[in-house]
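Results of the structural survey
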Amino acid sequence: MPESLIAITDALPYLIEGAGVTLIVVAGAMVLGLAFGVPLAIGQVYGHPALRRTIGVIVWFFRGIPLLVLLFLFYFGLCTALDINLSAFTVAIIVLGLISSAYQSQIFRGAILALPEGQFKAARALGMSDLKAIAFIILPQALRLSVPGWSNEYSIILKDSAVAYALGVAEIMARAHFVATRTYQQLPLYLTAGVIFLVLTYLGTKGLRILEEKVRIPGYSSQGV
Amino acid sequence: MTTPILRIENLSKRYGTKDVLKGASLTVNKGDLKILIGPSGAGKSTLLQCINFLVKPDEGRVWLEDAEVHYTHKGDLCAYRQKVGMIFQDFNLFDHLNALENVRIGLVRVKGIGKREAGERAVRELERVGLRDHLQKYPAELSGGQKQRVSIARALAMDPKVMLLDEPTSALDPELIGEVHSVIRDLGANGMTMIMATHQIGFASSLASEIVFMEDGRIIEKGTPEKIFCHAENTRTREFCSKITELYGETR
């Protein structure tokens, strides 16, 4: 067996373990992004003008600063300055989650604005408060419309998570780099890392496609005409 | 028999520099069917939407059963809207809910009735509008006439004191108008108080207790169908009625 193949098979279990770490970081960031993204979107669509502007600034901040800068700013900057003891792993999830909440809020905002105005009117006409109308009429529809956008968001966070390597998080890239520098098998190892990312992208987007089909409202096509 | 159930006084609405509603007043008695007619842009739809404050009027007051509606108070407004059913031109069914859920959601989420009891009530209301066999269908799977009947059932389930119908058949194919009209006719026969904007003159004249002609944001003239369609005092009313009769057929 050529040396390169041996290097790959030897490193594979170690890299796949890293894929587990990557997936936890990505899942954590997506969930955090969802938890913050929904209220941000609602605030930006329905909120008081001052609230909208504030949210606009938050979104601008997290979309405007490179991931690597934010990671260093939080991990080496804020955590040190405020004397907070957080692991690199946790910081990676928080930073990726905050960035994702900015992007996801815009996915949700677009979805909310895409709904016909009449949906809110009909809910109000029944005597629903605005909060109930948002919770029971607007969000269930807007979240469905957001699934295709999520698929995009997932693949972006997945790849962005590799940057967490810079903090020393033991994800796929960090492990590939670690093995590559010791075995001098850079080409096969980085190639393997790339293939693992491709597989994860495929599985995730496939899963979201299934989700999209599952939550589809009967009578609406997800195929286009 | 003349208990005013709904009274509106001097409702006005302006968008930018355009006055779309200029001081409309109306008294609706129990069991009345008031029909609003008038050209597009006359303010019929704005008037209806101002009555339940989906559009906030700039001026004017509304009373329901002698109690003034304090629409700036959110709780009062929600309580008032429960008693005023609204039917929209383009149905506005909740797209993610099937027919049964569309009718049930107000009962469950607004009135706080248990799901099972609310479901039974929803089935009864859907039966009443002839949709017993379509409970599980989603809006996208229903015809326009069926959608409008679901929306009527949705409004009825809330036990409204008065119903506002904003051109309920204008978005329908001609052959589907009849099924919606027959539901509205049944409602009227059962004593439901209604205010309806429509261009269906034949239907209006056979059913209305009063025709209200609007133009340019004002109520120009009101009276029995007989009076408005045959002996209107105002020239504009006469012109409009003869035009619309040409378009939509005989008034009788």
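Residues numbered from 1 in each chain as written. Chains lettered and ligands numbered in written order. Predicted model: local features only at pLDDT ≥ 70, side-chain atom pairs only at ≥ 80, totals over all residues.

Across its full length, chain A holds eight helices and zero strands. Starting at the N terminus and walking to the C terminus, you meet the elements of chain A as α-α-α-α-α-α-α-α. With the C-alpha coordinates of chain A rotated into their principal frame, the extents come out at 70 × 50 × 20 Å. Split into buried and exposed, the 225 residues of chain A put 38% on the buried side. (Helix = DSSP H or I, 4+ residues; strand = E, 2+ residues; numbered from the N terminus. Buried ≥ 20, exposed ≤ 12 C-beta atoms within 10 Å, placed from the backbone.)

With 20 residues of chain A at the interface, the matching set in chain B holds 22 residues. Elements that contribute at least two residues to the side of chain A that touches chain B include exactly α5 (117-125) and α6 (130-160) of chain A. Its residues assigned to classes, the side of chain A that touches chain B comprises ten nonpolar, six polar and four charged. (Contact = placed C-beta atoms within 7 Å. Nonpolar A, V, L, I, M, F, W, Y, C, P; charged D, E, K, R; others polar.)

What follows concerns the packing of helix α1 (residues 3-46) of chain A against helix α4 (residues 88-114) of chain A. Helix-helix packing: each pair is described by the crossing angle between the helix axes and the interaxial distance. Residue and element names in this part refer to chain A. Orientation of α1 relative to α4, taken along the N-to-C sense of each, is 45°, at an axis distance of 5 Å. What the angle tells us is that α1 and α4 run oblique. In the crossing of α1 with α4, the sense of the turn from one axis to the other is right-handed. (Axes fitted to C-alpha atoms, helices over the stretch in contact; angles between N-to-C directions. Parallel < 35°, antiparallel > 145°, perpendicular 65-115°, else oblique. Left-handed = near helix turned anticlockwise from the far one by under 90°.)

What follows deals with the nonpolar core. By size, the foremost hydrophobic cluster in this structure holds 134 residues, and its most contacted members are L71 and A92 of chain A together with I35, L36, A153 and L164 of chain B. Per-element tally for this core: the top contributor is α1 of chain A, with 13 residues. (Core = buried A, V, L, I, M, F, W, Y, C linked by C-beta atoms within 7 Å.)

Residue and element names in this part refer to chain B. The element strand β9 (residues 210-215) is largely enclosed, with a buried count of six among its six residues. Side-chain alternation along β9 places E210, V212 and M214 on one buried face and I211, F213 and E215 on a second face that is also buried. The pairing of strand β3 (residues 33-37) with β9 spans four bridges and is classified as parallel. Each residue of the ladder has a partner; that of I35, found in β9, is I211. (Pairing = 2+ DSSP bridges.)

All right, on to the sheet that holds strand β1 (residues 4-15) of chain B then. All names here are of chain B. Ordered in space as β2-β1-β4-β5, the four strands form an open sheet in which the pairing is antiparallel. The sheet is open, and its two borders are formed by β2 (18-29) and β5 (67-68), each paired with just one other strand. Pairing analysis gives nine bridges linking β1 to β2, with the strands arranged antiparallel. By the bridge assignment, R14 is partnered in β2 with D19.

Right, let's talk about the packing of helix α3 (residues 99-109) of chain B against helix α5 (residues 144-156) of chain B for a bit. Residues and elements named next belong to chain B. At a minimum axis distance of 8 Å, the contact between α3 and α5 shows a crossing angle of 25°. One way to sum up the angle between α3 and α5 is to call them roughly parallel. Crossing handedness for the pair α3 and α5: right-handed. Residues A99, N102, V103 and G106 of α3 touch α5, and the partners they reach there are V150, A153 and R154. Taken together, the residues of the contact of α3 with α5 break down into four nonpolar, two polar and one charged.

It is worth spelling out the sheet that holds strand β6 (residues 84-87) of chain B at this point. Residues and elements named next belong to chain B. The sheet built from six strands is open, its strands ordered β6-β7-β8-β3-β9-β10 with mixed pairing. Looking at which strands have only one partner, the edges of the open sheet turn out to be β6 and β10 (218-223). Within this sheet the neighbouring strands show an average axis-to-axis angle of 20°, counted without direction. Where α5 meets the sheet, it contacts β6 and β7 (162-166), and its direction lies at approximately 170° from that of β6.

Before going further, it helps to spend a moment on the pairing of strand β4 (residues 59-64) of chain B. Residue and element names in this part refer to chain B. When β1 meets β4, the two strands line up antiparallel, connected through five bridges. Of the residues in β4, the one forming a bridge with E9 is R61. Note that β4 and β5 share two bridges and pair antiparallel. Each residue of the ladder has a partner; that of W63, found in β5, is E68. In this structure, the hairpin formed by β4 and β5 is closed by a connection of two residues, where E65 is found at a positive phi of approximately 50°.

The subject of this paragraph is the confidence of the model for chain B. Detailed reading of predicted coordinates is not advised where the pLDDT is low. On average, residues of chain B carry a pLDDT of 92, and 97% of them reach 70 or more. For this predicted complex, the interface score ipTM comes out at 0.92, while the overall pTM is 0.90. (pLDDT = per-residue confidence, 0-100.)

An α-helix turns once every 3.6 residues. As a result, residues three or four positions apart point the same way. Residues and elements named next belong to chain A. In a regular helix each residue adds 1.5 Å, so 16 residues correspond to 22 Å; helix α2 (residues 49-64) covers 22 Å between its end C-alpha atoms and thus fits that length. All buried positions along α2 are accounted for by I55, V59 and F62. Within α2, the buried residues cover an arc of 70° as seen down the axis, which keeps them to one side. Those residues of α2 that are exposed and aimed more than 90 degrees away from the buried face are P49, A50, R53, G56, V57, W60 and G64. (Expected span 1.5 Å × (residues − 1). Arc of directions from axis to C-beta.)

The phi angle of most residues is negative, glycine excepted, and most peptide bonds adopt the trans form. The phi torsion at D83 of chain A lies on the positive side, around 55°, for a residue other than glycine. Tracing the chain through its elements places D83 of chain A in the loop between α3 (67-81) and α4. Among the residues examined, D83 of chain A registers 6 C-beta atoms within 10 Å and is labelled exposed. Even without glycine at this site, D159 of chain B takes up a positive phi of about 55°. Tracing the chain through its elements places D159 of chain B in the loop between α5 and β7. Its 12 C-beta neighbours within 10 Å are what place D159 of chain B among the exposed residues.

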